[in-house]
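Fold and contact review
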Amino acid sequence: IENIVELESNIESYPNPGIKVFQYGTSGIRYNSEHLDHVLHRMGLLVALRSIHLKSAAVGLMITASHNPQDDNGIKLIDPLGEMLDSSWEVYATKLANAPNNQDVCAMLINIAYENNIDKKYIPRVYIGRDTRNSGKRLLDAVLCGVNAFNSNVEDFGIITTPMLHFFVRCYNTNGLYGQPSEHSYHTKLTNSFKTLRKMCLDLKNYSPVIEFDGANGVGALKMKDAIIHLEETLVINMHNDDIMNTEKLNYKCGADFVKSNQCPPTGMTIKPHSKYVSVDGDADRIVYSFVDENNKFYLLDGDRIATLVAGYIKDLFIASGLDVNVGLVQTAYSNGNSTKYVTDKLKVPVACVPTGVKYLHHKANDYDVGIYFEANGHGTILFKDAIRELIRNQCSIEVDEAKSLALKKLICIMDMTNETVGDAYSDMLIVESVLCERGWSISDWYKTYSDLPNRLKQVTVKDRNTFETGDAERICLKPLGLQEKIDSIVLKYSMGRSFVRPSGTEDVVRIYAEADTQINADKLAVEVATAVY
Ligand code: 16G
Ligand code: ZN
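In the nomenclature of an unreviewed UniProt entry, the chain is known as Phosphoacetylglucosamine mutase of Aphis gossypii. Turning to the chain, the UniProt annotation filed under Pathway (unreviewed entry) states: "Nucleotide-sugar biosynthesis; UDP-N-acetyl-alpha-D-glucosamine biosynthesis; N-acetyl-alpha-D-glucosamine 1-phosphate from alpha-D-glucosamine 6-phosphate (route I): step 2/2." The heading Catalytic activity (unreviewed entry) in the UniProt record of the chain holds the text "N-acetyl-alpha-D-glucosamine 1-phosphate = N-acetyl-D-glucosamine 6-phosphate".

Given below as structure tokens:
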């Protein structure tokens, strides 16, 4: 740090009003946008330091509050391969966001530089994106003020989806091997492989290429409009909830989180029986499918369904290709028990369970040659090990058996249409549409693969959620002492009963999940467990 006086005056421009204690958690920092200016400014400082530490690798900073209401905003930092920020730096982020005065901020930055042996000869490179929120532009200015304190190379991509920014960061740092850091390259890479695979699909059977797209009135809608041009002749996308000018509509009674949480169709569009609805969230990293039948009964195809669909298909492709590759699925305790059973017993794909939060799933998925992970809420992707990627491409170039060669070609298409850096609604949609088409399935055919166990989600407000501690990937409650025994004895009374409690990582509540043989029993079980929690 060359000029402490300059740095100090930079820091002074965004003082901490001390209204709130922030925590950099599983989804970065999120709060009412009014109170975030100093946080974003300090994250700008931090992200620049992170890039210097990583020898000028591009590091990303996304301004978004995802599925939260319009008045919120937030920030997520992205490491060089497009992954989430390293957890040791999450601690710095939390400390910096809360530092009461400017001297503390300055001292902390110097301390971070010392602790990490940061060499000032590197010039930071920072990639920035933001969602459609009103506050985004103002907060961007705060970020830029921080980033520029270190004379960074800054690339502001404007309004883009979260997964696009993850993709761009990875592209830059892998010298173009993954694509170029531009929207054009992103669309071409994903869409071209989708179209190539579509050409190999000769019999559509029950598959319909028509999609009713619920853009949550956010950036997902904006970017889908660009994508439609590339998708002509393969998908028919009817746009809904694409009003990004009236930002109060963002995520309001629509989008992936609304549909998943309320188990009902999005508002803002006419719902026709057996049409295929696709909902994304406010920064387009989550996706769920849904439809209603002729009696207007609602059916949700969430992250669990997408995971099973994809796992089955990829497993089949590997069998057909003749390659012996270990394909695995990562879920959380929220995954429906019948989805786990279906994957394990029917698809014969091993399943791992990890705590809630994308970084845990992503990390675990790396244990497999091909790791598929999805949270029930619709966030997920597929990870291919470098060696496997190479193996598939090499084998494809020499394979003489026609059936094997076709399977390998299809695997390459799936790899190229996957945004492996993070869950990506657009990429996931292309994958789902590919598999449905390959299978010749309508959305109800897909739904029929297995039936979900009836389940119920509840939450209770407790005095201090920190008194709750869980183990075994949140499936067991370790503290308060004695609670797990109570839950066990309650669950025993229910046929096919399962229930767990965990403290929320994002809100001041304890969440309860229950499933059982019937909806009535699942509801009763949830209530009984909730009473035990009180
Ligand atoms: C965060 C997580 C999401 C998780 C949710 C659970 C990321 C990027 N996001 O939004 O994956 O499902 O938290 O919230 O990791 P909860 O702890 O309040 O139940
Ligand atoms: Zn999101």
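Having put the structure on the table, let's press on.
1. Considering the UniProt feature "domain: Alpha-D-phosphohexomutase C-terminal" (unreviewed entry) in the chain
Cross-referencing UniProt, the feature "domain: Alpha-D-phosphohexomutase C-terminal" (unreviewed entry) maps to residues 490–531 in the present numbering. Annotated as residues 490–531, this span is 36% helix and 29% strand, and its ends, taken at the C-alpha atoms, are 11 Å apart.

2. Observations regarding the pairing of strand β3 (residues 72–78)
Along β3, 7 of the 7 residues are buried, which leaves the element largely enclosed by surrounding structure. Across the two faces of β3 the burial is the same, with Asp72, Gly74, Lys76 and Ile78 and Asn73, Ile75 and Leu77 all buried. Bridge count between strand β1 (residues 29–32) and β3: 4 bridges; the pairing is antiparallel. Each residue of the ladder has a partner; that of Arg30, found in β3, is Gly74. Two elements, strand β2 (residues 58–63) and β3, share 4 bridges in a ladder whose sense is antiparallel. The residue bridging Leu61 from the neighbouring strand is Leu77, located in β3.

3. Quick word on the environment of Asn16
Structurally, Asn16 is set in the loop between α1 (4–12) and β1. Given 23 C-beta atoms within 10 Å, Asn16 falls into the buried group. Linking Asn16 and Ala99, residues 83 residues apart in sequence, is a C-alpha distance of 7.5 Å. Once residues lying within four places of it in the same chain are set aside, the contact partners of Asn16 are His38, Ala99 and Pro100.

4. A closer look at the sheet that holds strand β12 (residues 351–353)
Pairing in this open sheet of 4 strands is mixed, and the strands run β12-β11-β13-β14 from one edge to the other. Across the chains shown, the open sheet's two edge strands, defined by having one partner strand only, are β12 and β14 (380–384). Averaged over all adjacent pairs, the angle separating strand axes in this sheet is 20 degrees, with direction ignored. Where strand β11 (residues 327–331) and strand β13 (residues 370–374) come together, 4 bridges link them in parallel fashion. Bridge assignment links Gly328 to a residue of β13, and that residue is Gly371.

5. Thoughts on unusual backbone geometry
Omega for the peptide link from Lys479 to Pro480 comes to 0 degrees, which places this bond in the cis form. Position of Pro480 relative to the elements: it lies in the loop between β17 (476–479) and α17 (483–491). Phi is positive for Asn151, close to 50 degrees, though the residue is something other than glycine. Along the chain, Asn151 turns up in the loop between α5 (136–148) and β5 (153–159). On the neighbour-count criterion, Asn151 (11 C-beta atoms within 10 Å) is exposed.

6. Regarding the site of ligand 1
Around ligand 1, a shell composed of 14 residues is seen, among which Thr26, Val358, Ser504, Gly505 and Thr506 lie nearest. Across the shell around ligand 1, the residue classes break down as 1 nonpolar, 9 polar and 4 charged.

7. Here we look at helix α7 (residues 183–200)
The first and last C-alpha atoms of α7 sit 26 Å apart over 18 residues, in line with the 26 Å expected at 1.5 Å per residue. Listing the buried residues of α7 in full gives Tyr186, Lys189, Leu190, Thr191, Ser193, Phe194, Leu197 and Arg198. Buried residues in α7, looked at end-on, bunch into an arc of 165 degrees, giving them a common side. Those residues of α7 that are exposed and angled more than 90 degrees off the buried face are His184 and Lys199. Buried residues belonging to α7 abut α6 (162–173), α8 (219–231), α14 (402–417) and α15 (425–439).

8. Examining the environment of Val21
Along the chain, Val21 turns up in the loop between α1 and β1. For the pair Val21 and Val219, spaced 198 residues apart in the sequence, the C-alpha separation amounts to 29 Å.

Cut-offs and rules
Residues numbered from 1 in each chain as written. Chains lettered and ligands numbered in written order. Predicted model: local features only at pLDDT ≥ 70, side-chain atom pairs only at ≥ 80, totals over all residues. UniProt positions renumbered as here; feature names shortened; annotations may be inferred. Helix = DSSP H or I, 4+ residues; strand = E, 2+ residues; numbered from the N terminus. Buried ≥ 20, exposed ≤ 12 C-beta atoms within 10 Å, placed from the backbone. Pairing = 2+ DSSP bridges. Contact = placed C-beta atoms within 7 Å. Axes fitted to C-alpha atoms, helices over the stretch in contact; angles between N-to-C directions. Near = placed C-beta within 6 Å. Nonpolar A, V, L, I, M, F, W, Y, C, P; charged D, E, K, R; others polar. Expected span 1.5 Å × (residues − 1). Arc of directions from axis to C-beta.

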